[in-house]
Amino acid sequence: MSEPSAPPVPALPALRRQALRHHLLTEVRRPSRRRWRVRVLVPVAGALVVAVAAGVIAQPWAPRSAPMVVPVEQGDRVGATLLLNRMAVVTADRPGPPSGEGAYVYIRSRGAFAELGDGPARLRPVHEREIWIPRDERGDGLLRQPFLHVPIVGAIPEHETLTDVTPNAALIDLPDDPDALLATLYREREERGRGNSRDGAAFTAIGDILRESLVPPRTSAALYRAAAKIPGVEVVRGVTDAAGRQGIAVSHTERSRRDEWIFDERTFDYLGERSYLVADTVDGPAGTVLGTTAVLQRAVVAQLGQRPQR
């Protein structure tokens, strides 16, 4: 796959600002208690079985339904290193993603996210999200999702133009060496000087790239090898994404919360994410699900707003 080069390391701070804009409160952990409720739009998917039939996703919860609680399984730290390095080897041998003639990377996903801050966390209804990211040159992107109100950042319309978006090509120029890649992520966290711990921030940054980008196998392999070096990364088996697909999860726990990336256990294809509490907190008992997602489609399209065939 041949993409125009973009400045490798300098692009990361802008990329993270873009990620924070796209995913809103991705890196926000449990907020302090407030009278208003914050919708935490975190990339998360879980041991939540969501029935999918005829293209319609069953929603067993309502906006004010009881909190969803899943078992908190024991993570395997040794297994995480073995799994991620195995994934890197398998991924590196795969053909690259389709190049095509399109100017935009299109990603369609589905997710449900929790409200925190005034009693036990409750998942909002599952909604579909579509994003268009410029492929080669910095420019405008597009985000489509149901209308959501977020008190911290204001209201987000169903269709939102994302201005001056870092192109997908910038990700392809990330360091191939896992130590150099991880050092870059740690350095960017130190420059920001806030948010997660540096290990948690690195895990989140890699998750951002896995979720909404289209990168060649060598980049994916470097991301997996870098993730294997993050202290505290574990493997959790028998998880389910927001589309009802079962897989194996790579997880990281911070401040009583476990964030996980879910992969197909046979092919190692990325499926989605989940997040949940691993200890009893004011936001709910251990196992309370904070959100669930599933990536359904990645493609290259010619025009902003154009949808590929499903």
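Residues numbered from 1 in each chain as written. Predicted model: local features only at pLDDT ≥ 70, side-chain atom pairs only at ≥ 80, totals over all residues. Heavy atoms only, no water.

**Student:** Would you mind going over the nonpolar core with me for this structure?
**Tutor:** Nonpolar side chains tend toward joint burial in soluble globular proteins. By size, the foremost hydrophobic cluster in this structure holds 43 residues, and its most contacted members are Leu 84, Ile 206, Leu 210, Val 250, Trp 261 and Phe 263. Every residue in contact with Trp 261, bar those within four places of it in the chain, is listed here: Phe 203, Ile 206, Gly 207, Leu 210, Ala 227, Ile 248, Ala 249, Val 250, Tyr 270, Gly 272 and Glu 273. Leu 116, Ala 121, Tyr 276 and Leu 277 belong to the second largest nonpolar core, which has 10 residues in total. (Core = buried A, V, L, I, M, F, W, Y, C linked by side-chain atoms within 4.5 Å. Buried < 20%, exposed > 50% of the residue type's maximum accessible area, 1.4 Å probe, protein only. Contact = heavy atoms within 4.5 Å.)

**Student:** So what exactly am I meant to see when it comes to the side chain of His 252 here?
**Tutor:** With respect to the helices and strands, the residue His 252 is situated in strand β12 (residues 246-254). Residue class for His 252 comes out buried when judged on its relative accessible area of 6%. Other than its neighbours up to four places away in sequence, His 252 contacts Asp 199, Gly 200, Phe 203, Ile 230, Pro 231, Gly 232, Val 233, Arg 257, Arg 258 and Asp 259. (Helix = DSSP H or I, 4+ residues; strand = E, 2+ residues; numbered from the N terminus.)

**Student:** What am I meant to see in the packing of helix α5 (residues 198-211) against helix α6 (residues 217-228) here?
**Tutor:** Axes are the key here: two packed helices are described by the angle between their axes and the distance separating the axes. Where α5 meets α6, the axes come as close as 11 Å, and the angle between the chain directions of the two elements is 155°. Judged by the inter-axis angle, α5 sits roughly antiparallel to α6. Relative to α6, the crossing made by α5 is left-handed. Here α5 contributes Ile 206, Ile 209 and Leu 210 to the contact with α6, which in turn contributes Leu 223, Tyr 224, Ala 226 and Ala 227. Each residue belonging to the contact of α5 with α6 can be placed in one class, and the counts come to 7 nonpolar, no polar and no charged. (Axes fitted to C-alpha atoms, helices over the stretch in contact; angles between N-to-C directions. Parallel < 35°, antiparallel > 145°, perpendicular 65-115°, else oblique. Left-handed = near helix turned anticlockwise from the far one by under 90°. Nonpolar A, V, L, I, M, F, W, Y, C, P; charged D, E, K, R; others polar.)

**Student:** Mind showing me how you'd approach helix α2 (residues 77-92) here?
**Tutor:** Helical geometry note: an α-helix holds 3.6 residues per turn, so side chains three or four residues apart project in the same direction. Relative to the 22 Å expected for 16 residues at 1.5 Å per residue, α2 spans 23 Å between its end C-alpha atoms, a close match to the ideal helical length. For α2, the complete set of buried residues consists of Gly 79, Ala 80, Leu 83, Leu 84, Met 87, Ala 88 and Thr 91. The buried residues of α2 occupy an angular sector of 165° when projected down its axis, which confines them to one face. Turned more than 90 degrees away from the buried face of α2 sit Val 78 and Leu 82, all of them exposed. Along its buried surface, α2 packs onto α6, β11 (234-240), β12 and β13 (257-263). Between a side-chain oxygen at the N-terminus of α2 and the backbone nitrogen of Val 78 the separation is 3.2 Å; the capping residue is Asp 76. (Expected span 1.5 Å × (residues − 1). Arc of directions from axis to C-beta. Polar contact = N/O pair within 3.5 Å; in protein donor to acceptor, adjacent residues only side chain to side chain.)

**Student:** Can you help me understand the packing of aromatic side chains in this one?
**Tutor:** In this description, a pair of aromatic rings is defined by centroid distance and the angle of the planes. Tallying each qualifying case throughout the model produces 4 aromatic pairs. Taking 4.0 Å as the distance between ring centres and 10° as the angle between the ring planes, the aromatic pair formed by Phe 203 and Trp 261 counts as stacked. Of this pair, Phe 203 sits in helix α5 while Trp 261 sits in strand β13, and the two are 58 residues apart along the sequence. Phe 203 gets classed as buried once you look at its relative accessible area, which sits at 3%. According to the relative accessible area criterion, Trp 261 is buried, its value standing at 2%. When the centroid spacing of 5.8 Å and the interplanar angle of 80° are considered together, the rings of Phe 263 and Tyr 270 count as edge-to-face. Exposure remark for Tyr 270: the relative accessible area of 13% places this residue in the buried category. Cation over ring: Arg 198 sits above Tyr 186, and NZ or CZ is 3.8 Å from the ring centre. (Phe/Tyr/Trp six-rings, centres within 6.5 Å; stacked < 30°, edge-to-face > 60°. Lys NZ or Arg CZ within 6 Å of the ring centre and 35° of its normal.)

**Student:** Looking at this model, I keep getting lost on the packing of helix α4 (residues 178-192) against α6. Mind explaining?
**Tutor:** Where α4 contacts α6, the axes come no closer than 8 Å and their chain directions differ by 70°. Considering their axes alone, α4 and α6 lie roughly perpendicular with respect to each other. Judged by residue contacts, Pro 178, Leu 181 and Leu 182 of α4 engage Ala 222, Leu 223, Arg 225 and Ala 226 from α6. Here the contact of α4 with α6 is composed, by residue class, of 6 nonpolar, no polar and 1 charged.

**Student:** How should I be thinking about the confidence of the model for the protein in this particular structure?
**Tutor:** One rule of thumb: low pLDDT means the predicted coordinates there are not for detailed reading. Averaged over all residues, the pLDDT of the protein is 77; the fraction at 70 or higher stands at 73%. Confidence drops under pLDDT 50 across residues 1-63; counting only partners more than four residues distant or on other chains, this segment forms 190 contacts. Counted against residues more than four places away or in other chains, residues 149-156, with its pLDDT under 50, gives 17 contacts. (pLDDT = per-residue confidence, 0-100.)

**Student:** Hey, could you run me through the pairing of β11 in this one?
**Tutor:** On a regular strand, one side chain projects to one face of the sheet and the next to the other, so that they alternate. Taking burial as the measure, the 7 residues of β11 include 5 buried ones, the bulk of the element. As judged from the 5 bridges shared by β11 and β12, these two strands associate in the antiparallel manner. Within β12, the residue paired with Glu 234 across the bridge is Ser 251. Taking the residues that link successive antiparallel strands as the turn, the β11-β12 hairpin has 5 residues, and the phi of Gly 244 there is positive, at about 80°. (Pairing = 2+ DSSP bridges.)

**Student:** Explain the pattern of salt bridges to me, please; I cannot follow it from the model alone.
**Tutor:** Where charged atoms of side chains with opposite charge meet at close range, the side chains can pair. Counted according to the given criterion, the structure contains 18 salt bridges. As a salt-bridge pair, Asp 208 and Arg 211 come within 3.1 Å of each other at their nearest N and O atoms. Highlighted residues: Asp 208 and Arg 211, both in helix α5, separated by 3 residues, approximately one helical turn. The exposure class assigned to Asp 208 is buried, which follows from its relative accessible area of 7%. The residue Arg 211 makes a salt bridge to Glu 273 at a minimum N-O spacing of 3.3 Å. Of this pair, Arg 211 sits in helix α5 while Glu 273 sits in strand β14 (residues 270-277); the two residues are 62 residues apart in sequence, bridging distant segments of the chain. On the accessibility criterion, Glu 273 (1% relative accessible area) is buried. (Salt bridge = Lys/Arg side-chain N within 4 Å of Asp/Glu carboxyl O.)

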